[in-house]
Amino acid sequence: MIKTNDSSNKEEKSVKETLFTRNYLLMILTNGFLFFGFQFYPSGLPPFLKSLGADDFILGLATALISVPAIVSRLIAGNLLDRFGRFKVLSCGLLLMTILAYFLGVFQTIFMILVIRTLHGIAWGVAATGSVTAVTDFIPRSRLGEGMGYFSLSCSLAMAIAPALALSLPFEWMFRLGTLFFAGAFIICLLVKYKNIEVNPHKKRTLIEKRSLMPSFIVLCSNASYGAIVTFVALFGQKHGVSHVGLFFAFFAAALMFSRPYIGKLADRIGCKAVIGPGIIALSLSLVLLSFSFNTVTFLICGVLYGLAQGAVMAATQTLAVLRAPSDRVGAANATYSSCFDLGLGLGALLFGFVAEFTGYGMMFLICGLSQVIPYVILKLDKK
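Note that this is a predicted model, so its numbers are computed, not measured. (Residues numbered from 1 in each chain as written. Predicted model: local features only at pLDDT ≥ 70, side-chain atom pairs only at ≥ 80, totals over all residues. Heavy atoms only, no water.)

Caption draft 1: Spotlight on the overall build of the protein chain. Helix and strand counts for the protein chain come out as 14 helices and two strands. Against the globule reference of 21 Å for 384 residues, the protein chain gives a C-alpha radius of gyration of 21 Å, in line with a compact fold. Expressed as a percentage of its 384 residues, the buried residues of the protein chain come to 52%. Excluding contacts between residues fewer than 6 apart, the proportion of contacts in the protein chain whose partners are at least 24 apart in sequence is 87%. Only carbon and sulfur atoms are counted for the fraction: they give 72% of the accessible area of the protein chain, which is about 16,900 Å². Both charge centroids of the protein chain, one from 31 positive and one from 17 negative side chains, sit 5 Å from each other. (Helix = DSSP H or I, 4+ residues; strand = E, 2+ residues; numbered from the N terminus. Rg over C-alpha atoms; globule rule 2.2 N^0.38 Å. Buried < 20%, exposed > 50% of the residue type's maximum accessible area, 1.4 Å probe, protein only. Contact = heavy atoms within 4.5 Å. Areas by Shrake-Rupley, 256 points an atom, 1.4 Å probe, with all protein chains shown as cover. Lys, Arg positive; Asp, Glu negative; His and termini not counted. Charge placed at Lys NZ, Arg CZ, Asp CG, Glu CD.)

As structure tokens, this is what we get:
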């Protein structure tokens, strides 16, 4: 059970349905700074490693070394958040991110960067899971979809701006700004008035929240398709002579950012499952259409449709994963969901890359689209 530290029951009732509270806005800023710092490295670090003499295998290893530890640490962090509260776990994760980012700019050798990035993966899993769990405490359950939609905009803005900024900066400034953004997130998180968590110390706990598995599996499947998109859509477009393939991601990001708050609000009104179903269908149709797209216009239409569909699926599944969990298992629910989200991205790139080897990109995207029937059937079989 969750209760406030510093407000009376009367005051709590008066703001029960209020969304844009001080603590909620501070958590959006915390998350925004965290994601801005994190998004500097996926695009900015490979050219730096290349300048140190790293080959393509090392560049791929640098990505894998942060992804795998992050998935594991998310699950552990989820339970720590439920046992010890949001502040201790989130602040420790952000402080560790800041320290590691600083040393990333100091020890500029390939070996040390790989070691630090592995530790960064652990800290990232803790900080990111802590941030998304803490913010859910400040969102009224009747507006959870809408609240998480606005919260996610900080992630989307970071993904749209930070990679391009990192590539335009000297390497030295990339490391400095990454450290400053993490430090900023840590400082802002200290200003939040967190809610106390009452914990039963004798209650048996698991790393995975079973009640959240259905929506988590659905987002794993939808994000597997994104793994295929982000890895192969540029190569597919170039093969067919499509100009400005990069605009696909710009249109996708714009549609995703536009849809999340509105679709989250819709999920609050008509129910999450009523949104997830059409979202999966639209996701499947966008991938099938993409497999037959051989010009820029249809590519961009697919980008918009895919962004809207992903926005619907992500907004509704994340909300449902939290709503189904007991109040003392919200951290585990977010960890379960986020781990499936990350796992889907990696598995999708690996699995559909294997398929593409035998079928080509067009047929691979068609199979990817048709595979979305699996999460749709699971959704319909769910009776909760």
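Moving on, there is more to tell.
Caption draft 2: Fine view of the packing of aromatic side chains. Applying the stated criterion to the full structure yields 22 aromatic pairs. Measuring from centroid to centroid gives 5.0 Å for F48 and F175, while their planes differ by 80°, and the two rings are edge-to-face. Of this pair, F48 sits in helix 2 (residues 22-51) while F175 sits in helix 7 (residues 171-189), and the two are 127 residues apart along the sequence. Comparing F48 with F175, the two get one shared label, buried. Their ring planes at 80° and their centres at 5.5 Å tell us that F248 and F249 sit as a pair that is edge-to-face. (Phe/Tyr/Trp six-rings, centres within 6.5 Å; stacked < 30°, edge-to-face > 60°.)

Caption draft 3: Spotlight on the pattern of salt bridges. This model, assessed by the stated rule, comprises 10 salt bridges. In this structure, R86 engages D82 in a salt bridge whose closest nitrogen and oxygen atoms are separated by 3.4 Å. Relative accessible area serves as the criterion here: at 1%, R86 is assigned to the buried category. What makes D82 buried here is its relative accessible area of 0%. Across the pair E172 and R176 runs a salt bridge, and its minimum N-O distance is 2.4 Å. Of this pair, E172 and R176 are both found in helix 7, four residues apart, which corresponds to roughly one turn of the helix. Given a relative accessible area of 41%, R176 falls into the partly exposed group. By sharing partners, the salt bridges in this structure join D82, R86 and D137 into a single network. (Salt bridge = Lys/Arg side-chain N within 4 Å of Asp/Glu carboxyl O.)

Caption draft 4: Geometry of helix 7. Here helix 7 is 19 residues long and its end C-alpha atoms lie 28 Å apart, about the 27 Å a rise of 1.5 Å per residue gives. Within helix 7, burial applies to M174, F175, G178, T179, F181, F182, G184, A185, I188 and C189. In this fold, the buried residues of helix 7 make contact with helix 2, helix 4 (86-106), helix 5 (110-136) and helix 6 (144-168). (Expected span 1.5 Å × (residues − 1).)

Caption draft 5: Main features of the environment of Q108. Within the secondary structure layout, Q108 lies in the loop between helix 4 and helix 5. Taking relative accessible area as the criterion, Q108 reaches 35% and is therefore assigned partly exposed. For the pair formed by Q108 and V297, sequence separation is 189 residues and the distance between their alpha carbons is 44 Å. Apart from the residues within four sequence positions on either side, Q108 is in contact with F48, L52, I113 and F175. Side-chain polar atoms of Q108 contact the backbone oxygen of G105, separated by 2.8 Å. (Polar contact = N/O pair within 3.5 Å; in protein donor to acceptor, adjacent residues only side chain to side chain.)

Caption draft 6: Structural detail: the packing of helix 4 against helix 7. Here helix 4 crosses helix 7 at 165°, and the two axes come no closer than 8 Å. Here helix 4 is positioned roughly antiparallel relative to helix 7, judged by the angle of their axes. Read as a crossing pair, helix 4 and helix 7 show a hand that is left-handed. Touching L90, S91, L94, L95, M97, T98, A101, Y102, L104 and G105 of helix 4 are F175, G178, T179, F182, A183, A185, F186 and C189, all from helix 7. (Axes fitted to C-alpha atoms, helices over the stretch in contact; angles between N-to-C directions. Parallel < 35°, antiparallel > 145°, perpendicular 65-115°, else oblique. Left-handed = near helix turned anticlockwise from the far one by under 90°.)

Caption draft 7: Examining the side chain of E209 more closely. In this structure, E209 sits in the loop between strand 2 (196-197) and helix 8 (213-239). Residue classification places E209 among the buried residues on the basis of a relative accessible area of 2%. At 2.8 Å, the side chain of E209 forms a polar contact with the side chain of R211. Of note is the side chain of E209, whose polar atom sits 2.7 Å from the side chain of R329. Once residues lying within four places of it in the same chain are set aside, the contact partners of E209 are A325, P326, R329, A332, A333 and T336.

Caption draft 8: Region of interest: the environment of A250. Summarising the element assignment, A250 is placed in helix 9 (residues 247-270). Exposure remark for A250: the relative accessible area of 41% places this residue in the partly exposed category. When the C-alpha atoms of A250 and G307 are compared, they prove to be 9.8 Å apart, with 57 residues separating the residues in sequence.

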